[in-house]
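Fold and geometry: a report
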Amino acid sequence: MSLIPELSNPYLTSFTTGLLYGLVACTATCLPYLAGYIASTGTDFRKSVITTLTFNSGRIIAYTLIGASISLFGGLVHFFAEDSTLSIFQTYSTIAFSVVTILIGVILLYKNRKPSCNCNRTPINPKRFVNRFDVGAFTLGLSRGLVLCPPLIALLLYSIPFANPIDSIAFAVLFGIGTAISPMLLIGGVTGWLLNKAPLLRTYIAIAGAAIIIILGISTLISSILTLA
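None of these values were measured; they are calculated from a predicted model.

Turning our attention to the environment of Ala208. Its location among the elements puts Ala208 in helix α9 (residues 202-228). Classification of Ala208 as partly exposed rests on a relative accessible area of 36%. Here the alpha-carbon distance between Ala208 and Asn112, two residues 96 residues apart in the chain, equals 9.7 Å.

Here's what the structure looks like:
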């Protein structure tokens, strides 16, 4: 079994690094998007936790893909090690995430629009998003995870000389699991629980949640484009 000599247990280090990063950065950067999504899908505590887990599973898959790419293609080591190319990749991946965010927000806004007729169906249909596999939450998490996480890249680049490809993928997965075990999981559930306490305002909350996602996506897109200028 391949280990990084300078670390007594690189697997535990990968998990701990992800856990610490999730406590500080991941919750702050991901929660606004996740809260808007939960508000727009009108879920309760349990379903909001499931939505959060689905979102985080998308991020873990993204981290796994990054780890596999770096471990399998040696040329990418030099690519990610250069600050200029890393910055460019970050910018374009952020633009892609922004576009995905805006599209998801638009879809949610369309689904949660106030019906023009007095019919016996609710404008919100959580079953399409939560009861089955939540494609929207997963896609949002996947696209967010592809925005390179500096601690993860540093960890993978540091491990390349000592670890085999399987180790590097394991480090990425453990890092992702560590970030997923964060206050975001509980806060996501509490958000759904609180919003579910106002059923009379559910339609307006759902529309507001979708609008927040769109606004966040647009603001992120504009800032990313300005970075290229």
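What follows continues from the structure just given.
So, about the packing of aromatic side chains. For the structure on display, the rule yields 5 aromatic pairs. Consider the rings of Tyr11 and Phe171, whose centres lie 5.1 Å apart with planes at 50 degrees: the pair is tilted. Here Tyr11, found in helix α1 (residues 10-41), pairs with Phe171, found in helix α7 (residues 165-180); they are 160 residues apart in sequence, far enough to count as distant. You'll find Tyr11 and Phe171 in the same group, each marked buried. Residues Tyr21 and Phe175 carry aromatic rings whose centres are separated by 6.2 Å and whose planes lie at 35 degrees to one another, so their mutual orientation is tilted. One end of the pair, Tyr21, is in helix α1; the other, Phe175, is in helix α7, and 154 residues separate them in sequence.

Core analysis: the largest hydrophobic core is formed by 16 residues, its most contacted members being Tyr37, Phe55, Leu108, Leu140 and Met184. When residues of this core are traced back to their parent elements, those giving at least two are α1, α4 (83-111), α5 (135-145) and α9. Judged by nonpolar contacts, the second largest core, of 13 residues, contains Tyr11, Ile66, Ile153 and Ala172.

A few words now on the state of the cysteines. Simply put, the disulfide is a covalent bond whose two ends are the sulfur atoms of two cysteines. What the rule picks out here adds up to 0 disulfides. Cys26 provides the cysteine sulfur closest to Cys30, a residue in no disulfide bond, and the two sulfurs are 5.2 Å apart. For Cys149, which is in no disulfide, the shortest distance to another cysteine sulfur is to Cys26 and amounts to 5.6 Å.

The end-to-end C-alpha distance of helix α8 (residues 183-195) is 18 Å, a good match for the 18 Å that 13 residues give at a rise of 1.5 Å each. Contacts from the buried residues of α8 go to α1 and α2 (45-72).

A word on the packing of α2 against α7. Across the interface, α2 lies against α7 with an axial gap of 8 Å and an inter-helix angle of 155 degrees. When the axes of α2 and α7 are compared, the pair comes out roughly antiparallel. Between α2 and α7 lies a crossing of right-handed hand. Here Asn56, Arg59, Ile60, Tyr63, Thr64, Gly67, Ala68, Ser71 and Leu72 of α2 come into contact with α7, specifically with Pro165, Ser168, Ile169, Ala172, Val173, Phe175, Gly176, Ile177, Thr179 and Ala180. Classifying every residue of the contact of α2 with α7 gives 11 nonpolar, 7 polar and 1 charged.

The next point concerns the packing of α2 against helix α6 (residues 150-159). Two packed helices can be described by the angle between their axes and the distance between those axes. Closest axis-to-axis distance for the α2/α6 pair is 11 Å, and the angle between their directions is 30 degrees. By the angle between their directions, the pair α2 and α6 is classed as roughly parallel. In the crossing of α2 with α6, the sense of the turn from one axis to the other is right-handed. Together, Tyr63, Ile66, Gly67 and Ile70 of α2 and Leu152, Ile153 and Leu156 of α6 make up the contact between the two elements. Counted by class, the contact of α2 with α6 contains 6 nonpolar, 1 polar and no charged residues.

Looking at where Thr220 falls in the secondary structure, it is placed in helix α9. The class of Thr220 is buried, set by a relative accessible area of 14%. For Thr220, the side chain forms a polar contact with the side chain of Tyr33, separated by 2.8 Å. Every residue in contact with Thr220, bar those within four places of it in the chain, is listed here: Tyr33, Thr94 and Ser98.

About the thresholds
Residues numbered from 1 in each chain as written. Predicted model: local features only at pLDDT ≥ 70, side-chain atom pairs only at ≥ 80, totals over all residues. Heavy atoms only, no water. Helix = DSSP H or I, 4+ residues; strand = E, 2+ residues; numbered from the N terminus. Buried < 20%, exposed > 50% of the residue type's maximum accessible area, 1.4 Å probe, protein only. Phe/Tyr/Trp six-rings, centres within 6.5 Å; stacked < 30°, edge-to-face > 60°. Core = buried A, V, L, I, M, F, W, Y, C linked by side-chain atoms within 4.5 Å. Disulfide = S-S within 2.5 Å. Expected span 1.5 Å × (residues − 1). Contact = heavy atoms within 4.5 Å. Axes fitted to C-alpha atoms, helices over the stretch in contact; angles between N-to-C directions. Parallel < 35°, antiparallel > 145°, perpendicular 65-115°, else oblique. Left-handed = near helix turned anticlockwise from the far one by under 90°. Nonpolar A, V, L, I, M, F, W, Y, C, P; charged D, E, K, R; others polar. Polar contact = N/O pair within 3.5 Å; in protein donor to acceptor, adjacent residues only side chain to side chain.

Limitation: the analysis is restricted to geometry and does not speak to function.
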